[in-house]
Each structure stands twice: as C-alpha cells, then as structure tokens.
There are 2 protein chains.
Amino acid sequence: MKVIKFGGSSLASAQQLEKVLNIVKSDPDRRFVVVSAPGKRNSEDTKVTDALIKYYKTSAANQDVTGIQNWIITRFHDMISELGLSEKLAQNIAFAIQELAKIEIEGNDFAYDAFLAAGEDNNAKLIAEYFQKNGLTARYVHPKQAGIIVTGEPGNASILPSSYDKLEELRDSDEILVIPGFFGVTAQGQICTFSRGGSDITGSIVAAGVKADLYENFTDVDGIFAAHPGVVKNPHSITELTYKEMRELAYAGFSVLHDEALIPAYRGRVPLVIKNTNNPSHPGTKIVTKHSGATFPVVGISGASDFVSINMSKYLMNKEVGFGRKVLQILEDLNIRFEHMPTGIDDMSIVLKAKQLTPIKEQEIIDQLTRKLEVDEVSIEKGLSIIMIVGENMKNHIGVMETAARALSQSNINLEMISQGSSELSIMFVIKTEQEEEAVRSLYQAFFGEK
Amino acid sequence: MKVIKFGGSSLASAQQLEKVLNIVKSDPDRRFVVVSAPGKRNSEDTKVTDALIKYYKTSAANQDVTGIQNWIITRFHDMISELGLSEKLAQNIAFAIQELAKIEIEGNDFAYDAFLAAGEDNNAKLIAEYFQKNGLTARYVHPKQAGIIVTGEPGNASILPSSYDKLEELRDSDEILVIPGFFGVTAQGQICTFSRGGSDITGSIVAAGVKADLYENFTDVDGIFAAHPGVVKNPHSITELTYKEMRELAYAGFSVLHDEALIPAYRGRVPLVIKNTNNPSHPGTKIVTKHSGATFPVVGISGASDFVSINMSKYLMNKEVGFGRKVLQILEDLNIRFEHMPTGIDDMSIVLKAKQLTPIKEQEIIDQLTRKLEVDEVSIEKGLSIIMIVGENMKNHIGVMETAARALSQSNINLEMISQGSSELSIMFVIKTEQEEEAVRSLYQAFFGEK
C-alpha cells in the first residue's frame, strides 16, 4: 500500500495530469493520492496558490474581485475542457471559488487559510473525476472526512495525534482516494493550513496514518543529488539515503522536502521515495530508516553559506564548571540557535546562522561574554560556510577524514573549524565562503570522481 | 632580573646543592631563588615533606614524636655538616622542627599547613647560609617579610592581589633573596600553603611581583618533550612553547607544572623556562606569551586516557533553541565538567573525564536526557582517549589535518570524534584507549619523524 504525492508542477496541465494518471495506473498499490494546487505551466504563468493570495488581498481590501475570481475559475475550466471532464465539476469548482468572496475576513484568523486551501481542494476534486473518467475507481476525500484534524494555528497547523487512528480506517477503502494536501480541519471545523510546502506534510501524515509501505513523493527532479548541481557539474542522484543522512544534508542544495514533512513518515517508519513525474522510470532517491546494504562511506556533500562564528578564549576555561552552559544561556536569552560548538582547552567557537545576529545582539553577546564570563578574548567572524560530508557508513570506513583533508588541502582550503560527533554520520568543516564552491567540487571529485 | 626556582630533587643533597650554587653564580641576573623542601636522595629515601606529614599525624594522635622529629632534624644536619655550615644554623633548624610539636592541632585548621611549610622554610635558611659561605650576598626571606599574603584556605591558599605591590619592593634589594616556596601568610599571620606542588606557584608569584624578565623553573628533565617519553622513544624537547600551547598539551605527559603555577606568570606576562639542574647547559623549554618566530606548525602531541562520551541523538535537534544549554545544565547540576562537545545536525556528544561519572550520575543523566529532553537515543561510551595535536602556527599551514588523518588512517585508527576550534591551536581526536599509544607514535612520526 503506497501513498503518492504530486507537486504543483506535476499537476499544472492536462499533459502533466496524463503522466500522473499513468503513474497511478501502473501500480495497483498506489491507493492514496495527495495533490497540490496546480503549478505553473510555463515560466510566465502564475501558480493557482499565488492567484488565491491575490484574491484574498483584493477581497480584504474590499476591491472588485471579479477579475481574479475569473482568472482562477478559468484556470480550472481550461483543464476541465482539455481533459473532457463534466460541466457539473466545472460548476462545482466555480461555485467554490466564488463562495470564498463571502468569507468574513475582518477578525477571522482562518480566512486566509480558507482562500489558500481552495487550490488543493478543487484540484483534488478535478483529479478524482479525471481518474474516474479514465477507468480508475477513485474518490475525492476532504481532509475532514479523511480525519486530518489539526491544531488551530493558521498557516502553521500541526496534526493532532488522535488523527492517526481515524486515518488508519482509510485502509479499508477499496477505492483510490484523492486527498487535497496542505490543509486540515480544526476540531471546530475551521480550514487550517500547514506551513508552506505543506502538501508534502499531508502526504507524510497520510502515509504514517494508513501505515503505508512506501510514501512516493513525485516532483520534477530525479531525486536528491549527491552535491548541488549548481556547483558540481552533473552530480549523480543518490539511490538510498537514511532519514539521518537526509537531515545532515539539509543545509543547502538538498531542500527537496521540508524537515517538517519528514517527521510523520520518519516517526511512522515509512520509507519515502523522491521521484520525477517527468521521468518515472528513474528509481529516484529512497529515504529509509536504515540502509539496505553496504553503500559508499559518503552519500552526499553539502555546502551552505551565511554562517558566523563567535570565538572566545579564556585561560583555564576547561576547569570552569558551567562555562559552556552560561555561554549558551546568553545566546538562548537572545533567542539564538547555535549549529556547532567546537572547543579547544581554553577556547570555544559557536557557529550560527548569520541572519540570527543583529548589530545590537552582536554587541550584547560581546558585552556579556566580556563582563559576565570575563573571557580574555572574543571576536565574531563572518562570511563563513559549512561543508558537510555525510554518510552513515563512514563509521565502518577508516580514512574518510584523510580523503577529505587531502582534497581540501590540495585545493588550498584552510579549515577554520572541524567537528565530527561520535555518530560518525557526518564531518563538518567551517571554511571561508569564497572557498565554498571549490571545497564542494574537490570533495565531490575525491569521493565520487573518476579515479 | 630573573626568578629561579628549584624543585626538591635539585635540593636533596650536598652534591645537588653544589649544582644549584653554580647555576645561581653563573648569572648575576638570578636574584630571587625560590626553594622546595629537600626531595629524595635515592629511590628508597623519604621526602622531607612526607616526613613532616608523618610528624603531624603522630603529633595529632598524641603519640611519641621523638623518632620522626629526630629523623627530620638529622636529615637537615647531615646536609649542614656535608656543606660545612654553622652549628647555629643546625640549632636554629632543630629548634624550629621541635617547636612544631607544641602547635595545638585540635580545632586548628592551619596546624597541618604549619608542619608542611617547615620543609621549605628551613631549607631556605640552609640554602641562604650555603650561598653566603660560598661568596654570594644572599639572604633568607620569610614569605611574611616578602609580602606573600594569602587567603585563609588551608592547603589551597590564593595570593591576595595586594601582595604584588609589596613584592615589587623586593626589586630594590641588592642581595640574592632565598624564599621558601609552597606557602604564604594570611592577613592574621597564619602559615597557609598553596595546593601541592606549590613551590612552582611561589616562584610564579614572585616572578610576577618583581616583574622579572624570566622565571626559571629548574627541575630534573630537559624541559617539555614533544610527546610522552613513555610512549615515543627519545622524543625531542620543545624549544619554545606558548602558554596557550602549554595549556592545550596539559592533558597528559606534560604535567611538569601545575596550571595554577602558570597563572601569575601568564597574567604578569613573564616568560618561563623549564630547565634541568643536572644539565644546565641544555636550553630547556621556554614558555612565552607569543612565539618569537615561525616554528613548526605542530609543537607537541599529547594523549590521555580515561574519558567517556555521552552520545545522544534527537530528530530535529538543531532546530530546538536551548537544547544544548539544557544538556549542559543537567551536567552542571551534577557538578560535571565537560571537555568537548562535538555535534552533528541531530546528534551531540559530550566528552568528559571518566572519574566524574558514578553509576548513579550516569543513570541520572540518561534519565534526564530521556525524560526531560526526550532524546531519541542516548548512550555512554567508555574507554576513550583524547589525542591533541597542538601548535599555534597550525593556522598558517594548510594540510596539518591531512598529515594527521593520513598517519592515523595508516595505523588503522578509527576517529570516534574530531574537534578543531577557530583558534586553530589544536586538533582533538577521540579514539579508543587501546589505540592511544599507537596513535601518538604515528602522529609523532608524521610530524617530527625522519622523512
């Protein structure tokens, strides 16, 4: 039993929907189809979700909504005619879009969510009918019927744990269920959306709920590349990745799925595969809890810029109980999250995302470290990048660090900081940003290049 | 102007004292001589300080002290006769030793310190007279006269900052001042000792106080070796080391001086040299605030065992503000100091000294991490060693990590954890203890061996 999710670009046109139909038809295990709103048909096009945002804003400003309303209705109608679907469906969708204008916006925290959700919701109705017309026993299911009950945080809903029991009942259906992604319903019946990119979350929740054997996430790339294609020329796509490896790679160039989308599938131990609607025979990248066999020691290399490091030293630092805790407390009081904390005996560096620091926060940190913790020296270094070499099988291979250090040293890259935890899941290097691309390229060559 | 300190083995016999005399005579800048109590003359001998401890215990138990009293007096008398010093000195020292028995021990927190200090104090009197007899203008100075005024913590005194002004007045003396090490006097006039090995502390305090150009610490080794001589065969002695490098190496095999002894000289910016009384022409190891020139990228390699690591992982750990701080708080509440904290995205290791963990504390840590911080996995790994590669000039040399990683990988050593802070002062590896000696040897060979 598989849950299959399609992104907006896979659902943008009649031509794309035909590919989707064929994919669903080709495997009888594909029983739950989670859909996004229609995406762009070409680079000049507008996503339906963006049009719905405009519709909301126009309505909120008490301006004439006819133009934007018609654009959205026409967008759906065009697909309906191209696919030869029913006039009844066209009327149903037009009515749903028009009804949005009646929503009281003033003082209604859920109004925006209701507008946005209409893209996924109406597309699911359309796709269900398209499937039926083409010989599949399919049915549209609203998240409320499916049992996707969420917390009442507009734009940032979380699934209620009790939802999973209700979702499990869907297993008994013998139809293909088409479920709109991106939103759930509160206990009070309000439409409430997940964070943006939330159709992936719906797919993940449904996969965990129905205890699927596989969650197939169809997008427009052949899976996850071992390095960013903008940096390395034609990197290979990774065959198998563990959830942990995926997290380590999450910094940059690997943002196919939001972390939040991975959680339900991860906790439900449902493997996930990222595949390409436009190239469905490609195996894509499978994300599993445990590797199926011995693989390369390294699975991927990521690089990300915009990090800073707070460097401090204090004589006899390592003899001071509580020093590290107090440093982190200062950051926490300023609501700053740190990424890494490499240490010597008497010095400590804290690596964090640059955007978390404002000039005022910087000054506050320096003041507090100097006055309260009486550090001997403190400085803030900017323009840093983090390079991650990731692979769960590194722990079974001696010499990964040697290979990495040789590649970086041959490219004349200075290693500002280094950290490798006992999980041996990844090695982190902090380097200057101007050397980031060169570092990723030389590491890719060292681990995956031709010998 | 130099402060020169001699350890117990340099002062154990008439023969040793002759070497000391020649060392002091050979340089007119050697104006302040800080002395320890007489050490062992041979491996069966007893240190005077240990005899004084026995004397104290016998006295505290109200037992007959004659035997131990006479042993100590004879120990000093033997040296006095061998050196041809005065009967008056012999009587003075005998009286001082006998008077100790009159100290009220019950309820007197300072009694133990008074007994112990007698070793250094009477040796200083002896050495001052020996210097005078041999043509030096020398004078014994009691710490009270010198101005070494300390806090009233028996066995763990700290110098009062105001002492330094009084000590500076000693600069005006045109005699060689012989000052007993190891103790000071409280504001109330009580003898109070530094922590054990405290003659080094006295030397460091005097050096900072008189604003010496150099603090010469004479011991029985040719300085500090670049690796432990018990592990590496005939390691070379380091010519120049910065205080920071000394601290990084402080883990093991480098404990020539206590950290506490370094602080006054470090804060007073007095360079320190460790030399060998038995080989005074050897330049020894100079410890400076800043390197005098370009040296090797690596100055020394240390290894130390008896570390454990607490390893934990939690999905989305790096998104949680305060997670690291909370982990360190748990340790701090158990009064546990950590050494290093290497991190991945979703995992964290805390490296600490094994002796800090009891089975109860271990259980408490695991419980709290599991219950309060809801980590997914936690384990405690034992039998770990820390290897440090140290050198301030590493930051100007690309490729140190490559050399180190190659050496370790060729010796088949698995790197459990790695950390290098932005100071680039040291690279730390955590490995299994059974591989520690092999790791140190292979790194020594890689950085200092013949090519």
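Above this text is the structure in question.
The present account deals with the structure reproduced in this document. Note that the coordinates shown come from a computational prediction; the quantities given were computed from them, not determined experimentally.

1. Brief notes about the interface of chain A and chain B
How large an interface is tends to be reported as the accessible area lost when its parts come together. Each partner contributes residues to the interface: chain A has 69 residues there, and chain B has 69 residues. Both faces considered, chain A and chain B share a buried interface measuring about 5,900 Å² in area, 51% of it formed by carbon and sulfur atoms. Scanning the region where chain A abuts chain B turns up 6 salt bridges. Across the salt bridge formed by B:K244 and A:E377, the nearest N and O atoms sit 3.0 Å from each other. For the pair chain A and chain B, the number of links is 30 residue pairs in polar contact (both at pLDDT 80 or more). Elements with a contribution of two residues or more to the side of chain A that touches chain B: α9 (243–248), α10 (259–267), β12 (300–313), α11 (323–333), β13 (347–353), β14 (377–390), α13 (400–410) and β15 (417–420) of chain A. With 6 residues, α10(A) is the largest single contributor of residues to the side of chain A that touches chain B. Classifying every residue of the side of chain A that touches chain B by side-chain character gives 25 nonpolar, 22 polar and 22 charged. Pairing of β15(A) with strand β15 (residues 417–420) of chain B, which is carried by 3 bridges, proceeds in the antiparallel orientation. Looking at β15(B), one finds that A:Q420 is bridged to B:I418.

2. A word on the relation of the copies chain A and chain B
If you rotate chain A by 180 degrees and push it 0.0 Å along the axis, it lands on chain B with an RMSD of 0.1 Å. Such values leave the two copies arranged in the relation of a two-fold axis. In terms of C-alpha distance to the rotation axis, chain A has A:S419 as its closest residue, with the C-alpha 2.3 Å off the axis. Of the interface residues in chain A, 100% have counterparts in chain B that sit at the interface too, so the contact is made through matching surfaces.

3. Points about helix α1 (residues 14–25) of chain B
Residue and element names in this part refer to chain B. Its 12 residues place the ends of α1 16 Å apart at the C-alpha level, agreeing with the 16 Å of an ideal helix rising 1.5 Å per residue. When α1 is considered as a whole, its buried residues turn out to be A14, Q16, L17, V20, L21, I23 and V24. Along α1, the residues classed as buried sweep out an arc of 165 degrees about the axis, all on the same side. Where α1 is buried, its residues meet β1 (2–6), β2 (30–35), α3 (66–83), α5 (111–133), β5 (176–180) and β8 (214–219).

4. Observations concerning the packing of α11(A) against helix α11 (residues 323–333) of chain B
Contact geometry of α11(A) with α11(B) gives a least axis separation of 9 Å together with a crossing angle of 145 degrees. Of the two possible hands of crossing, α11(A) and α11(B) adopt the one that is left-handed. Residues A:G324, A:R325, A:L328, A:Q329 and A:E332 of α11(A) lie in contact with α11(B), whose contacting residues are B:G324, B:R325, B:L328, B:Q329 and B:E332. In terms of residue class, the contact of α11(A) with α11(B) is made up of 2 nonpolar, 4 polar and 4 charged.

5. Here we look at the pattern of salt bridges
Residues and elements named next belong to chain A. What the rule picks out here adds up to 38 salt bridges over all chains. Of the charged contacts in the structure, one is a salt bridge between R406 and E402, with a shortest N-O distance of 3.3 Å. In this pair, R406 and E402 are both assigned in helix α13, 4 residues apart and thus about one turn of the helix distant. Note on E402: relative accessible area 12%, which makes it buried. One salt-bridge network, held together by shared partners, links R41, D45 and R75.

Cut-offs used in this document
All chains use their own residue numbering, which begins from 1 and follows the written sequence. To label them, take the chains in the order written and letter them from A, then take the ligands in the order written and number them from 1. A pLDDT threshold of at least 70 governs which residues receive local features in this predicted model, and a stricter bar of 80 or more applies before side-chain atom pairs are shown or counted, although totals over entire chains, interfaces and linings include all residues. The side-chain values count all of the structure's non-hydrogen atoms but skip hydrogen atoms and water molecules. A contact between two residues is defined here by any heavy atoms of the two lying within 4.5 Å. What counts as buried area is the accessible surface, traced by a 1.4 Å probe, that two parts surrender upon association, with contributions from both included. Salt bridge, as applied in this entry: a Lys or Arg side-chain nitrogen positioned within 4 Å of an Asp or Glu carboxyl oxygen. Pairs of N or O atoms are called polar contacts if they sit within 3.5 Å, as long as, within protein, a hydrogen donor faces a hydrogen acceptor (for residues adjacent in sequence, only side-chain-to-side-chain pairs). Here a strand is any run of E in DSSP of at least two residues, a helix any run of H or I of at least four, and the numbering for each starts at the N terminus. Three classes are used: nonpolar for Ala, Val, Leu, Ile, Met, Phe, Trp, Tyr, Cys and Pro, charged for Asp, Glu, Lys and Arg, and polar for all others, with Gly counted as polar. Strands were regarded as paired on the criterion that DSSP finds at least two bridges between them. Here the copies are matched by least squares. The fit uses the C-alpha atoms of residues with pLDDT of at least 70 in both. Residue count minus one, scaled by 1.5 Å, sets the expected span of a helix. We call a residue buried when its accessible area falls under 20% of the maximum for its residue type, exposed when it is over 50%, and partly exposed in between, using a 1.4 Å probe and counting protein chains only. Note that the arc is defined by the directions from the helix axis to the C-beta atoms. Axes here refer to lines fitted to C-alpha atoms; in helices the fit is confined to the stretch in contact. Angles between the N-to-C directions go from 0 to 180 degrees. A clockwise turn of the near helix away from the far one marks a right-handed crossing, whereas an anticlockwise turn of less than a right angle marks a left-handed crossing.

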